[in-house]
Amino acid sequence: RYLERIQQREPQVRGYLTVTAEQALAHAHARDNRRAQGEDMGLLMGIPIALKDNLCTQGIPTTCASRILAGYQPPYDATVVERLTQAGAIVLGKTNLDEFAMGSSTEHSAYQITTNPWDATRVPGGSSGGSGAVVAARECVAALGSDTGGSIRLPASFCGVVGLKPTYGRVSRYGLVAYASSLDQIGPFATTVADAAIMLAAIAGYDPKDSTSIETPVPDYLGALAGLPATQPLAGLTLGVIQETLTEGLDPEVAQAFDRAVAQLESLGAQVMPISCPTFATGLAAYYILAPAEASANLARYDGVRYALRVPAADLLGMYKETRGQGFGREVKRRIMLGTYTLSQGYYDAYYLQAQKVRTLIRRDFDQAFTQVQALLSPTAPAPAFPIGSKDNDPLSMYLTDLMTIPVNLAGLPALSVPCGLTMGGLPIGLQVVGNVLQETVILQIAHAYE
Ligand code: GLN
């Protein structure tokens with residue numbers, strides 16, 4: 001049924017780069033047979049899912065939506081893919097993204113433009129726009145994305161679905177093609193908070209193959225949702241509204257929807273107070289120094305010798321130049337240049353080191369906030385989904401879309417986006433709930449009680 005749905009919806013949505021229909025059917029039948037023989041059912045037995053195309057899948061193209069990886073088939077599965085498959089999930093395909101996850105609209109894909117299922121003239125958000133769109137269009141039950149500066153939460157908000165970025169280190173990054181390694185984290189998209197909790201339960205946990213993976217037991221996320229009291233489920237919780245996110249530039253309809261969401265959380269028993277995170281607004285500037293710096297180092301490996309694309313030239317240096325020149329898109333080149341510049345001798349102290357200090361200050365702001373509240377609230381994005389093409393030639397205004405989501409990555413915290421209404425024009429709006437380190441359970445409970 002989902003494969004039929006893909007056939008119906010894909011001509012417009014274009015969220016998948018690869019659909020693995022045959023393998024999916026073969027897996028589904030094999031699972032069915034094993035179930036008929038009474039074999040143990042995994043947490044996700046038979047559940048059709050999609051994967052962002054920067055997650056390595058053995059023998060299935062993994063392109064990062066870049067020409068430089070056209071046709072590349074990894075020799076191994078990412079840990080998250082292994083875990084989902086072990087839990088019984090059926091992979092339907094790989095989803096579109098901004099090239100190497102650099103962007104906020106999925107327009108920077110080298111292959112296709114994904115449209116927002118609510119309004120095909122608008123972007124689905126990014127960089128995991130394909131995953132957000134195919135979940136919203138019901139072309140799979142759930143999907144995985146990656147979030148370096150908001151790339152799960154933003155498309156979730158634009159597409160009207162739930163998106164969760166776990167604590168840095170909660171989910172193994174092994175097999176996730178690196179963008180900015182100190183910020184990258186994998187997480188789920190789903191249509192309900194409970195489904196997102198199930199997906200997280202399947203992928204979370206220590207992995208010796210990722211040296212930044214946290215060695216702490218994974219709590220029973222789903223049980224925590226089931227255990228919420230029926231009345232006043234949020235009694236005893238204090239939530240903070242981040243004042244710095246409610247300033248100029250916030251779309252009036254987003255502001256209204258956010259206020260209504262806060263009122264509803266209060267009616268569910270939560271106490272709400274204003275919280276100031278003074279350094280929050282500096283997050284964007286720090287991020288756009290740090291992320292390109294890490295990216296410029298990570299992307300050095302695409303040299304035409306390893307991996308997919310090689311453009312022949314007279315000598316080795318020429319081959320590097322041609323391959324990288326033709327293989328990378330505009331935005332990726334912009335990031336590589338920015339990153340190489342800020343890491344170069346003489347500029348390192350002025351830019352990179354300063355940005356690292358700002359990162360520490362942001363972390364302290366959050367630490368301070370969490371001495372008073374159990375979770376923080378903000379809109380996920382300053383405005384709803386924008387028209388395709390409207391920011392394409394204006395990188396700064398595109399970067400501003402990430403204002404609310406980026407500080408969370410700099411501090412390594414868990415956060416989710418849950419739908420909180422529609423604009424008059426019928427576009428989804430998202431509520432962001434941010435938790436303290438490893439407090440995924442709390443933010444899932446808040447969002448579950450709310451939705
Ligand atoms: N939009 C941000 C960027 O372009 C965040 C992307 C992400 O989280 N992968 O870097």
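Residues numbered from 1 in each chain as written. Predicted model: local features only at pLDDT ≥ 70, side-chain atom pairs only at ≥ 80, totals over all residues.

**Section: the overall build of the protein**
Check the secondary structure of the protein and you find 15 helices and 11 strands. Radius of gyration (C-alpha) of the protein: 21 Å, near the 22 Å computed for a compact globule of 451 residues. Taken over the C-alpha atoms alone, the protein extends approximately 70 × 65 × 45 Å along its principal axes. Taking the intrachain contacts of the protein between residues at least 6 apart in sequence as the baseline, contacts between residues at least 24 apart amount to 76%. (Helix = DSSP H or I, 4+ residues; strand = E, 2+ residues; numbered from the N terminus. Rg over C-alpha atoms; globule rule 2.2 N^0.38 Å. Contact = placed C-beta atoms within 7 Å.)

**Some details on the sheet that holds strand β1 (residues 16–19)**
Taken together, 11 strands build an open sheet; the order of strands is β1-β3-β2-β4-β6-β5-β10-β11-β9-β7-β8 and the sheet is mixed. One side of each edge strand has no neighbouring strand; the edge strands of this open sheet are β1 and β8 (271–275). Taken pair by pair, the neighbouring strands of this sheet meet at an average axis angle of 25°, ignoring direction. Examined bridge by bridge, strand β7 (residues 238–242) and β8 share five bridges and lie parallel to one another. (Pairing = 2+ DSSP bridges. Axes fitted to C-alpha atoms, helices over the stretch in contact; angles between N-to-C directions.)

**Focus: the UniProt feature "active site" (unreviewed entry) in the protein**
Here, UniProt's "active site" (unreviewed entry) annotation points to Lys 52, Ser 127 and Ser 151. Across 100 residues in sequence, these annotated residues keep their C-alpha atoms within 10.9 Å of one another, forming a single compact spot. Along the chain, Ser 127 falls in the loop between β3 (90–95) and α4 (129–136). Given 35 C-beta atoms within 10 Å, Ser 127 falls into the buried group. Setting aside residues no more than four positions away along its own chain, Ser 127 makes contact with Leu 97, Asp 98, Ala 101, Met 102, Gly 103, Ser 104, Thr 106 and Ser 151. With respect to the helices and strands, the residue Ser 151 is situated in the loop between β4 (142–146) and α5 (153–159). (UniProt positions renumbered as here; feature names shortened; annotations may be inferred. Buried ≥ 20, exposed ≤ 12 C-beta atoms within 10 Å, placed from the backbone.)

**Description of the environment of Asp 184**
Relative to the elements of secondary structure, Asp 184 occurs in the loop between β5 (162–165) and β6 (186–190). Distance from Asp 184 to Thr 441, taken between C-alpha atoms, is 20 Å for residues 257 residues apart in sequence. Among residues more than four places away in sequence, those in contact with Asp 184 are Ser 146, Thr 148, Arg 173, Leu 176, Ala 178 and Tyr 179.

**Things to note about the site of the ligand**
Lining the immediate surroundings of the ligand are 13 residues, of which Ala 101, Ser 104, Thr 148, Gly 149 and Ser 151 lie closest. Considering only residue class, the shell around the ligand consists of four nonpolar, seven polar and two charged. (Near = placed C-beta within 6 Å. Nonpolar A, V, L, I, M, F, W, Y, C, P; charged D, E, K, R; others polar.)

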